[in-house]
Amino acid sequence: MAYIFFISANIPLIDLTFALSATSASSDLTFFLMRNAVTAIIDKYGIDRIHYSVIIFGSTVIKRVTFDDQFPEKNALNRIVGRSQKVVGEPNLLAALEEAKSLYELQSVRSNARKVLVVILDAPSASNATVVRQAVTDLDNKDVLVIGVGMGSSANENDLIGITKDDRHLINAPLNKSPREVAQEIIEAIFYGINSTYLCFIIFLCFPLLFLSFVFYYLSWGKNVISIGISDFFLSLFIKSY
């Protein structure tokens, strides 16, 4: 928790999109939890360094807030989120991802801000997994970090695995968790994703030989003897150089 406290005192610029879908039998409760988790994040981190978009989807997608919208203070944004209504129908995850992509093409998106999409589902997606993967690739090409949250027992974990790149970008949120607990887990996943990317970049810039040795060591997990030898070679060069 000390790590998160330190990070929250130095919040990076983030353009953050929430895609919310509550269509399960418990949708009244799950949508209440989703909305309140979003408003908890807005309330804690404000609207200066983090800018927000919110889309809500079922069989159709509604843009509730976009990066173009301007708010005098965070409570104005929270009122809009708090009054949002769920969208019925089987979740069209593909349409939600495509809508999120269009949000990151707006001129109001900041070039120096990290782009993050948080998808919260409480029921299985109706979208084809193959086309969803292509949509995720399109987001990845725009440097959008995707966090997946399964709300309640009806959410399909495979849907979330299909849109994320790391297990630590996945969150399981049972209905007995409070909105603040869910909000905290979302923020932790976001900061993990952002800082792990920066850490790899810094290591590559400062210690390229060490970086390469770890890359080939990772490849060696597949029992590739050549990779092990290359990893040892770069590691020995790093030790001699530094």
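The structure displayed is predicted, hence computed values, not measured ones.

### Concerning the overall build of the protein
So, point 1. Within the protein, the secondary structure is distributed over nine helices and six strands.
So, point 2. The proportion of buried residues among the 242 residues of the protein is 46%.
So, point 3. Taking the contacts inside the protein whose residues are at least 6 apart along the sequence as the reference set, 75% of them involve residues at least 24 apart.
So, point 4. With the model as given, the accessible surface of the protein reaches about 12700 Å², and the carbon-plus-sulfur share is 57%.

### Notes on the confidence of the model for the protein
So, point 1. Predicted confidence across the protein gives a mean pLDDT of 85, with 77% of residues reaching 70 or more.
So, point 2. Low pLDDT, under 50, characterises residues 1-8; the stretch is placed with ten contacts to residues that sit more than four places away or in other chains.

### So, the sheet that holds strand S5 (residues 144-151)
So, point 1. Read across the open sheet, the six strands follow the order S3-S2-S1-S4-S5-S6; overall the sheet is mixed. One side of each edge strand has no neighbouring strand; the edge strands of this open sheet are strand S3 (61-65) and strand S6 (170-173). Neighbour-to-neighbour, the strand axes of this sheet turn through a mean angle of 20 degrees, independent of strand direction.
So, point 2. Examined bridge by bridge, strand S1 (residues 14-21) and strand S4 (residues 114-121) share eight bridges and lie parallel to one another.

### Quick word on the packing of helix H2 (residues 27-45) against helix H3 (residues 74-82)
So, point 1. Across the interface, H2 lies against H3 with an axial gap of 10 Å and an inter-helix angle of 175 degrees. When the axis of H2 is compared with that of H3, the two are roughly antiparallel. Packed against H2, whose contacting residues are Arg-35, Val-38, Thr-39, Ile-42 and Asp-43, the element H3 presents Lys-74, Leu-77, Asn-78, Val-81 and Gly-82 at the interface.
So, point 2. Classifying every residue of the contact of H2 with H3 gives four nonpolar, three polar and three charged.

### With respect to the nonpolar core
So, point 1. Counting residues in hydrophobic clusters, the biggest one holds 41 residues, and the most contacted among them are Tyr-52, Val-118, Ile-186 and Ile-190.
So, point 2. Examining the composition of this core, we find that nine residues originate from one element, H2, more than from any other.
So, point 3. Discounting residues that sit within four places of it in the chain, Val-118 has contacts with Leu-16, Thr-17, Phe-18, Ala-19, Ile-147, Val-149, Ile-186 and Ile-190.
So, point 4. Leu-97, Leu-103, Leu-121 and Ile-163 belong to the second largest nonpolar core, which has 23 residues in total.

### Observations regarding unusual backbone geometry
When glycine is set aside, most residues are seen to have a negative phi, and most peptide bonds are trans.
So, point 1. Here the phi dihedral of Asp-143 falls at roughly 60 degrees; this positive angle occurs in a residue that is not glycine.
So, point 2. Within the element layout of this structure, Asp-143 appears in the loop between helix H5 (129-141) and S5.

### A look at the environment of Leu-29
So, point 1. Along the chain, Leu-29 turns up in helix H2.
So, point 2. Assessed through its relative accessible area of 40%, Leu-29 is described here as partly exposed.
So, point 3. As a C-alpha pair, Leu-29 and Met-151 span 122 residues in sequence and 9.9 Å in three-dimensional space.

Conventions adopted
- Residues numbered from 1 in each chain as written.
- Predicted model: local features only at pLDDT ≥ 70, side-chain atom pairs only at ≥ 80, totals over all residues.
- Heavy atoms only, no water.
- Helix = DSSP H or I, 4+ residues; strand = E, 2+ residues; numbered from the N terminus.
- Buried < 20%, exposed > 50% of the residue type's maximum accessible area, 1.4 Å probe, protein only.
- Contact = heavy atoms within 4.5 Å.
- Areas by Shrake-Rupley, 256 points an atom, 1.4 Å probe, with all protein chains shown as cover.
- pLDDT = per-residue confidence, 0-100.
- Pairing = 2+ DSSP bridges.
- Axes fitted to C-alpha atoms, helices over the stretch in contact; angles between N-to-C directions.
- Parallel < 35°, antiparallel > 145°, perpendicular 65-115°, else oblique.
- Nonpolar A, V, L, I, M, F, W, Y, C, P; charged D, E, K, R; others polar.
- Core = buried A, V, L, I, M, F, W, Y, C linked by side-chain atoms within 4.5 Å.

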